Amino acid sequence: MPYRPTAHAEYDDIAAEYAASKQLPFRWIVEAPTLFQLADDVRGKSVLDLACGEGIYARKLARRGAGPVLGIDLSAAMVERARASEREQPLGIAYRVGDAADLGTVGAFDLVLASYLFNYAQDARQLLAFARTVAANLKPGGRLVGINDNPRTALGRFGSYAAYGFSREVERPQRDGARIRYTFPLPDGSSFGFDNFWLAPATYQSVFAEAGLADFRFVDCTAKLGEDDDPVLWAAFVHDCPITGLVARRPG
Ligand SMILES: C[S@@+](CC[C@H](N)C(=O)[O-])C[C@H]1O[C@@H](n2cnc3c(N)ncnc32)[C@H](O)[C@@H]1O
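In this text the structure is predicted, and so the values were computed from the model without any measurement. (Residues numbered from 1 in each chain as written. Predicted model: local features only at pLDDT ≥ 70, side-chain atom pairs only at ≥ 80, totals over all residues. Heavy atoms only, no water.)

Caption draft 1: Spotlight on the overall build of the chain. Scanning the chain for helices and strands turns up seven helices and eleven strands. For 252 residues, the compact-globule estimate of 2.2 N^0.38 gives 18 Å, and the chain sits close to it at 17 Å. Considering only C-alpha atoms, the chain reaches an extent of 40 × 40 × 35 Å along its principal axes. Burial analysis of the chain (252 residues in total) assigns 52% to the buried set. The contacts of the chain with a sequence gap of at least 6 include a subset with a gap of at least 24, amounting to 69%. Of the accessible surface of the chain, which amounts to about 11,200 Å², a share of 52% is contributed by carbon and sulfur atoms. Of the charged side chains in the chain, 28 are positive and 31 negative; the average position of the first set lies 5 Å away from that of the second. (Helix = DSSP H or I, 4+ residues; strand = E, 2+ residues; numbered from the N terminus. Rg over C-alpha atoms; globule rule 2.2 N^0.38 Å. Buried < 20%, exposed > 50% of the residue type's maximum accessible area, 1.4 Å probe, protein only. Contact = heavy atoms within 4.5 Å. Areas by Shrake-Rupley, 256 points an atom, 1.4 Å probe, with all protein chains shown as cover. Lys, Arg positive; Asp, Glu negative; His and termini not counted. Charge placed at Lys NZ, Arg CZ, Asp CG, Glu CD.)

Caption draft 2: Structural detail: the sheet that holds strand 1 (residues 47-50). If you trace the seven strands from one edge of the open sheet to the other, you get 3-2-1-4-5-11-10, paired in mixed fashion. Two strands lie at the open edges of the sheet, namely strand 3 (94-97) and strand 10 (214-219), each paired on one side alone. Recorded for the sheet is a direction-independent mean angle of 15° between the axes of neighbouring strands. Lying over the sheet, helix 4 (residues 76-88) contacts strand 2 (69-73) and strand 3, oriented at roughly 165° with respect to strand 3. Contacts from helix 5 (residues 124-136) reach strand 1, strand 4 (109-115) and strand 5 (138-149) within the one sheet, and its direction differs from that of strand 5 by about 140°. (Pairing = 2+ DSSP bridges. Axes fitted to C-alpha atoms, helices over the stretch in contact; angles between N-to-C directions.)

Caption draft 3: Spatial organisation of the nonpolar core. Formed by 52 residues in total, the largest nonpolar core has its most connected members in Phe26, Leu61, Val145, Phe166, Phe194, Phe237 and Ile243. Excluding anything up to four places from it in sequence, Phe194 contacts Glu10, Tyr11, Ile14, Tyr18, Tyr120, Ile180, Arg181, Tyr182 and Phe184. By size, the runner-up hydrophobic cluster in this structure holds 32 residues, among which are Ala100, Phe109, Tyr204 and Ala211. (Core = buried A, V, L, I, M, F, W, Y, C linked by side-chain atoms within 4.5 Å.)

Caption draft 4: A look at the environment of Ala51. Here Ala51 lies in the loop between strand 1 and helix 3 (56-63). Given a relative accessible area of 21%, Ala51 falls into the partly exposed group. With 33 residues separating them in the primary sequence, Ala51 and Tyr18 have C-alpha atoms 13 Å apart. Ignoring any residue separated from it by four or fewer positions in sequence, one finds Ala51 in contact with Ile72, Asp73, Ser115 and Leu117.

Caption draft 5: Focus on the pattern of salt bridges. In total, this model carries twelve salt bridges according to the counting rule given. Here Arg87 and Glu80 are joined by a salt bridge, their closest N and O atoms 2.8 Å apart. Where Asp195 meets Arg181, a salt bridge forms, and the shortest distance between an N and an O atom there is 3.1 Å. Placement of the pair is Asp195 in strand 9 (residues 191-198) and Arg181 in strand 8 (residues 178-185), with a sequence separation of 14 residues. For Asp195, a relative accessible area of 12% corresponds to the buried category. (Salt bridge = Lys/Arg side-chain N within 4 Å of Asp/Glu carboxyl O.)

The structure is reproduced here in structure tokens:
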């Protein structure tokens with residue numbers, strides 16, 4: 001049975017709220033520095049940003065010298081926001097609406113970026129479709145870098161990340177396909193959220209190998225603190241980290 005994505009309507013509805021959540025401190029203290037460290041020097045490198053959302057990382061990598069950069073997302077609303085930013089401040093980034101599960105080959109890239117894509121796979125078959133798209137679009141020797149919901153985190157059912165501006169609730173039993181609900185309170189007292197899906201680390205390992213990608217591994221997040229940031233607060237975050245980096249490469 002072909003993979004039927006479920007996420008596009010969700011992000012069409014929450015595009016503005018999700019963009020606002022990118023202002024939370026964990027995004028720039030943990031998420032972005034981890035991603036940049038994994039991406040390393042992107043100058044002159046071609047980048048495919050799968051599940052680019054509103055293009056936040058496509059833009060950041062273009063500003064760091066990457067090019068050409070292509071962003072793909074399932075949600076037309078997210079792609080429209082990305083295109084609006086490109087119109088406002090042109091960086092030469094192209095965006096397309098597309099499904100990472102059946103994209104086929106759209107180019108041969110030095111780097112594929114996947115920031116919160118794989119956690120939308122509800123089973124190994126869907127994850128394999130994403131991983132095959134990555135492999136099909138990397139040059140030999142090219143690299144995948146990503147950020148993901150962390151399937152290794154030890155936190156129990158009600159992960160309280162209230163101090164960081166959200167909650168993460170994992171359905172039990174925690175087995176492949178278990179739902180992970182992220183909820184973000186809003187200033188007006190309401191909230192918004194979205195679902196990710198838990199797959200065992202061993203499922204990730206075997207699926208990426210099956211897709212022909214080498215050296216898949218999760219990479220612990222690090223916190224890059226500013227002068228005013230509380231080291232104890234952020235040590236606790238990375239200790240029971242809700243998110244993880246990940247890397248793999250196409251054999252050269
Ligand atoms: C949590 S957002 C992350 C956006 C961006 N990468 C970032 O880090 O801000 C997840 C994105 O994945 C997109 N997405 C979910 N399933 C997808 C699929 N099958 N193909 C392409 N994009 C998908 C959603 O539309 C949404 O924009």
